[in-house]
Each structure stands twice: as C-alpha cells, then as structure tokens.
Amino acid sequence: MSDWERASTARVLPPARPRKLAKVPFVELADGRVQGVVSSGSDIGRVYVSSVAASTYEFSCSTNNNRPCGGARGMFCNHILALINESTLQYGAERVARYLRVEVPEPTAQAISQTMSATRPSQGDSTAAASVFSQFLRHLAYLEFEASTAPVPELQWFPSTRAVV
Amino acid sequence: MVPVDQGGGLMRIDLLTDPIAGLDEALAVVDGFDDVLVAGLLRPQKIAGLTELADAVAGSPLAARVAEAAEKTAAGAAGEEHFVSLAAARIAVFGSVHDAVFERLAEATGRPQGEDSTRQASAAESPNLLAAARSWLSDLARAGWQGIDHDLISGSAQVISALLAEPSLRRLAVLLDGFAAELAASCPGAALERVPVRRWGDLWSRAMLLTLHHETSATSTVTGRLLPLGVDLLEHSTAAQAQVHAVFEPEDGTAPRLVRANVTVPKPDTIIGAGIWQLLRPHLSLLTAISEGRSMDLADMPVTAEGDLLWQDEHARLGEPADAFSTARVALPKAVTPVVAPLDRHPVRIAVPVFLEGYDIEGDEDEVSFTFAGNRLPVDTDRIPAAGPLTPKAVASSGACIGLIRWDGGFRLQPLAVETTVRKKTTAVHAGAWAGGTTDKAGVKAEKAATDAAAVLRERAGRLLRK
C-alpha cells in the first residue's frame, strides 16, 4: 500500500486553473462529455449549450431556448472550439485529451479539436442541453449561498495546494 | 538533545520522531475495514476487516452495536443502522489515534492544556434531508469504491443542493459536496488503478455521523485582545474556509489561550486564488487586520469551549499594530491549548501552532525539511496558498517560522509565516498576507483577474438564474 492510499489528505482532484470567463462562463468534464455554456457574441441574453462526447466525439450545440446553432452543421462550430479551448485552460490539455479519449502526442486545444474533427464525428441531438444548462445554473447558485463563521472542521480534509495540473 | 524548557519556547522535536505506542495496531484495524469498503458492504469478501473493527471497540460502550453490525454486514444482511455503527467504530478508533498524537504534541510543545467541558446533544434539524443523505451514503457503502458509477454519484446532487441551502447543515453539505466531486471524477470505480482508501473511508464515516444528531459545545463570550499568528486556507472546488490561528489575551488577566476564527463560503469552482480571499473578506474583519499587521480588540465575542470564535464583526474593532513573530515568541508559549470535542477527534484536524527557529535546512524548495540536532521535521510547502507572498523558496531560506504541526501518518510542519533575510534585513513573510487585500504588485494583478471572473459570473447569474 502506498502512502497516497493511506493518507487522509491524499489529493484526488487537481485544482482548477485560472482562466477568463467572459466567453465561456462554464465548462465541465461530466456525463462522459466535455460540456458547457458559451456566451453569444451578439446577444447578451443568449447562451449556447455545447458539448462533445468522449470516444465518439458526437457533438451538439444549441441555444438555451433549444434552437440549433447555425454554425454546427456537420462540423464543430466556433462555440465548440471555444469550449474545448477553455476546457484545456481550466483542466489542462492532458486531462481533457484523456477524458475525451483523444490520442495525440502533445495535447493542445488545437490538436485535440483537429484530431476529433478528422474523424468526421456525427452531430447529436440536443437532448443533453437541458441538463447541461441546469448544471450551469446549479454552478451559478453557489454565488448565492451565505458565508458562515461557524467552524467547519470537515474542511481540514481539503487543504489548499500550489500544485498545477 | 534539545533542552526541555528554555524560556518555555523551545519545542522537543525529538519527541515527534519517536514511535507512539499502539499507533500501528490502531491504524491496522482501520486499514482492514477500509479494504472491505473497496469492494463494498453488500456482500463483503474480506470479513476479517469487520470483525477486527468490532474487536477493537469491544471494551467501549459501542461494543454490542458494532459486533452486531459486523455480523450482519458479514452475512450480507445489514441495514443503514449497521453501517452507522461501523462508521462510528471507525471514528472511535481514529479518536484514539488523535488522542495519542495530540498528547505527544502537548508534551513536545510543553504548553498548558485546557480542560474538557460539557456538551449538549441537540435535536437534528431537517430530519428528512439527513435521512436522504444517510440513504445515499448507505448505497455508496454497499457499492464500494470499485462499484461507483455515474448514476450512483449523481444521485447525491439534489441532496447536496438542499443541504447547502440550509446554513445549520453546512458541515455535512460542504463535506458531501467535496466528496461527491472526487467520486464523480473517479467513475467508473471498476476502472480505478488505485483508490484513496483511507481518505474516502474518513469522508464516508464522517458524513455518516453528521447525518445523526449533533452535539453543540458550550459557548461563552470573551473580552480582550486578539493577537493573530497566521491564516490557514482550506478549500475544495466548491467551498473555501479561512481559519485564523491567534492568541487571545483576556481583559480580566486570566491565562492567554489559543483560539481560531473561521469563515466558510461555498463558491463556484472557477473562483480561485485571490478570488477566494475576496469572497471571504467581507465576513471576517480580522482578515483585514491581519493584512494591516494589527491586533483586534474583542468585546463579548462568542466562543466555543473548543476555542472557535463565532465571529461577528460588531464585537471586534481594529487594535494596535501587532507583530505575529512577537506574539509567537512571547505570548504563544504560555497560551492554553483548547480541548477537542470527542466526535471531532481525528488526526487530520490537528493543527497546533508553533514557533521554530535555530534549525538547519535540508533539501530545496521542492522538498524542504527543518532539522534540529539530527531530528528531521518535513515541511509541507504545498499547503501554502498560491495567492500570497510566501513561497517554498522563502521557507527554504528562512531563519524562523510560525507554522502548524499536522499529522497524516507522521508529523509535518505547515508554514504560516517565515522570517528571511532580504538585503541583510530580517523580513517577515506571511502566507495569509493578501487575505485582507494587498498593495503588492503581483497581488493587485491577481485581485483584478479575480474581480473580473466574479463579475462575469454575477452578471450571468443575474441574467439567467431567475428566469
């Protein structure tokens, strides 16, 4: 048994890295997809819900009102490219490549996107959009919870770290 | 050999490297049970891990319950209440580990220890919510770490959202939230190459216990002077806590004591670094005092018997300038260490403030140890928050250090502040110096980026959240 397996403060998740949120306010590696929300460049009230599935690279992009994205006809639209790019900033390109099961010698956002595009992935329907959007709203709701000055000893299991992805 | 007492300030580092009697045996019991959790409690294969856990608490009031739980679980016929008993037994064994480690530290610091106080069991609020959490934790234990999948883990999302919305259940909420995120990122469990067995056993058993009634410790109020030693930052992707360690000098002239002031806030995972200080800062004026190098004067501030100030800004005002290193040299050696509530006794929560100097340095900024007459104390530089001026390099060239002694399989030092020599002048560098804001060039840049990130999320929330 290694020390890591027998450590109370073993580090399981690498910390997120800083990135600008203006264009892509939300991205996550979840449900077997890289998925997230991309702000519309022209309408501040509109966002696109975009996703790419691991292994098949099946992609989908539609607005929060469930209208299909005009750019995602048979190929990755700019929203999806932006999503992949920001995901590599937040989680590190290696982790994103591993999650999507993209094999490239030196993962970068561009290499990951190009490798996936080259397989001519199919366009999925937008059934996942609703759950991705609700994940985004759940994420935003964390801004609304109140701070508390009562002790929370359980956070002793979660030390801060300088490690980068 | 370091003298036992030379002005009360010297620590006996040699005691931290001596073996602790019974420790390996206690940990072996926990390890055995943790191995059972890997494959799950539905139809456990390694039954020895269950019976040894029951044997370990055979002399305690838990004996009968845990023996029954071990038997039922081994037979594949256990229910929720049995899992609760097993979790309680695991926590009890770790309680004994905590006590042995804590006692050794008390000996090493030579500082006075506080007396135990009474506690009251309080009725559980939101029993349905707690039952839902317990039910999910039971399903998790049945599946085992190798049996986790996306459906099982996402089943916790609703419970966690509901718990977070209830401030009195914050402890369980932030614990489950951080735990579930780790589990989700580790699905499917069948494909895991290695499992953080002790950690997940800790988190599971702690969460299980928090779904039961909880004890509230006696609170009183204090008036006097608060002298900060340093700031510890704790965080997972969606919660953060700043914990200030300080010496409190009562106005009535009674003995000074060690206290902590805490502030915790849930957060979106993209708020990090300086952004965390920005979220915490408005709720704890003490963070501002620390950045300004000041003490605070407290008047009727509530405090628990465990030494946690239940901070309210209206009971504190900015005091005289106070140097943390003077506090550490002069006030800390006489400060009374508060007791730890029985259910909170786990070695991971040990964070004993110490002042160290006169050490030699081994290694470099990647792996630093302080040595004292041949006794080595590893330094955990990874815990220094990135949003602050203290760096591993500064620690590796320091001459004096304020830190927290921690234990996770062995003693380690978490630096909170160091004194280093810059251009022949002794300078103090604090890990939490940016907590209350900063004029440091790198700090200002980090603050600006964090402000922008938070503004984007707030704008998006304002536009989309209430539609």
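Residues numbered from 1 in each chain as written. Chains lettered and ligands numbered in written order. Predicted model: local features only at pLDDT ≥ 70, side-chain atom pairs only at ≥ 80, totals over all residues.

Bringing the sheet that holds strand β1 (residues 26–30) of chain A into the picture now. Strand pairs in the sheet, formed through backbone hydrogen bonds, run parallel or antiparallel to each other. All names here are of chain A. On the basis of which strands lie adjacent, the open sheet formed by four strands has the order β1-β2-β3-β4 and antiparallel pairing. The outermost strands of the open sheet, each flanked by one partner alone, are β1 and β4 (59–63). Across this sheet, the average inter-strand angle for adjacent strands is 10°, counted without regard to direction. Where β1 meets strand β2 (residues 33–39), five bridges bridge the pair, whose relative direction is antiparallel. Counted as the bridge partner of A30 is R33 from β2. Sitting on the sheet, helix α4 (residues 129–141) is in contact with β1, β2, β3 (47–53) and β4, with an inclination near 115° to β3. (Pairing = 2+ DSSP bridges. Helix = DSSP H or I, 4+ residues; strand = E, 2+ residues; numbered from the N terminus. Axes fitted to C-alpha atoms, helices over the stretch in contact; angles between N-to-C directions. Contact = placed C-beta atoms within 7 Å.)

Turning to helix α13 (residues 324–331) of chain B, a few remarks are in order. All names here are of chain B. Those residues of α13 that sit buried are A324, T327 and A328. The arc that holds the buried residues of α13, viewed along the axis, is 95°, so those residues lie on one side. Among the structural elements, β3 (219–236), β4 (239–250), β9 (352–357), β13 (398–407), β14 (411–422) and β15 (425–430) are those in contact with the buried residues of α13. (Buried ≥ 20, exposed ≤ 12 C-beta atoms within 10 Å, placed from the backbone. Arc of directions from axis to C-beta.)

Moving on, we come to the domain arrangement of chain B. What the domain assignment reports for chain B is domain 1 (1–110), domain 2 (124–212), domain 3 (216–334) and domain 4 (342–430). Taken over C-alpha atoms, the centre of domain 2 of chain B sits 33 Å from the centre of domain 4 of chain B. (Domains from an automatic or database assignment.)

Here we take up the interface of chain A and chain B. Residue-level contacts link 46 residues of chain A with 70 residues of chain B. Here the element with the most residues in the side of chain A that touches chain B is α4 of chain A; it accounts for five residues.

Below, the discussion takes up the packing of helix α5 (residues 80–109) of chain B against helix α10 (residues 197–210) of chain B. All names here are of chain B. For the pair α5 and α10, interaxial distance at closest approach is 9 Å and the crossing angle is 120°. By crossing handedness, the relation of α5 to α10 is classed as left-handed. Where α5 abuts α10, its residues F83, V84, A87, A88, R90 and I91 lie against G201, W204, S205, M208 and L209. In the contact of α5 with α10, the residues fall into eight nonpolar, two polar and one charged. (Left-handed = near helix turned anticlockwise from the far one by under 90°. Nonpolar A, V, L, I, M, F, W, Y, C, P; charged D, E, K, R; others polar.)

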